[in-house]
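One letter stands for each residue in the lines below.
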Amino acid sequence: MTATPAVSLYREPGVSWVALVWGPLFAVLGAVAELTTGPVHVLAWVFVAAGLVVVTLPWVYARRRFLSLEVTTEGFRQGREVLEAARIAEVADLGSPVGARVLGGGWSVPRKYDELPIRLDDGTVVLAWALDVEELQAALTRLVQARAGES
């Protein structure tokens, strides 16, 4: 019996690696602005570009690690936390109970993200979160229905 690879149903990366280009782009724009007023200090702008990349790199890494999510045919990964597909019992308009645990290891749903209550197989309700909560709900619903069809 061969194991089928997990198929991604929905994902949010947290942030794109393209954010690392902002620093060098800013440095190029600064150098062009300096060109209009006199000599360009190329080495200084190279250091500015490198410095901005160095400052931006940990931010991008952290957002990709802690704010990313993915729904696959095997389960749901929210930030640092992985939830097996078999544990998800219901994804519907459950309401957000006070004190519900937030998936991903945080104390609360991250700012600018919407929450989605999920009922687990033991009856507890946890809060998932996403930028596009409707797409997340649709992917998790497909996952639950596919699991129910296997049983």
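Residues numbered from 1 in each chain as written. Predicted model: local features only at pLDDT ≥ 70, side-chain atom pairs only at ≥ 80, totals over all residues. Heavy atoms only, no water.

Topic: the sheet that holds strand β6 (residues 101–102)
Spatially, β5-β7-β8-β6 is the arrangement adopted by the four strands of the open sheet, whose pairing is mixed. Looking along the sheet, the strands with just one partner apiece sit at the ends: β5 (88–90) and β6. Direction of pairing for strand β7 (residues 114–120) relative to strand β8 (residues 125–130): antiparallel, over a ladder of six bridges. Counterpart to E115 in the pairing with β8 is W129. Along the sheet, helix α3 (residues 133–150) makes contact with β5, β7 and β8, crossing β7 at roughly 15°. (Pairing = 2+ DSSP bridges. Helix = DSSP H or I, 4+ residues; strand = E, 2+ residues; numbered from the N terminus. Contact = heavy atoms within 4.5 Å. Axes fitted to C-alpha atoms, helices over the stretch in contact; angles between N-to-C directions.)

Let's talk about the packing of helix α1 (residues 22–35) against helix α2 (residues 42–66)
At a closest axis distance of 7 Å, the pairing of α1 and α2 adopts a crossing angle of 155°. Relative to α2, the element α1 is oriented roughly antiparallel. The interaxial crossing formed by α1 with α2 has right-handed handedness. Mapping the contact onto sequence places W22, G23, P24, F26, A27, G30, A31 and E34 in α1 and W45, V48, A49, L52, V53 and W59 in α2. (Parallel < 35°, antiparallel > 145°, perpendicular 65-115°, else oblique. Left-handed = near helix turned anticlockwise from the far one by under 90°.)

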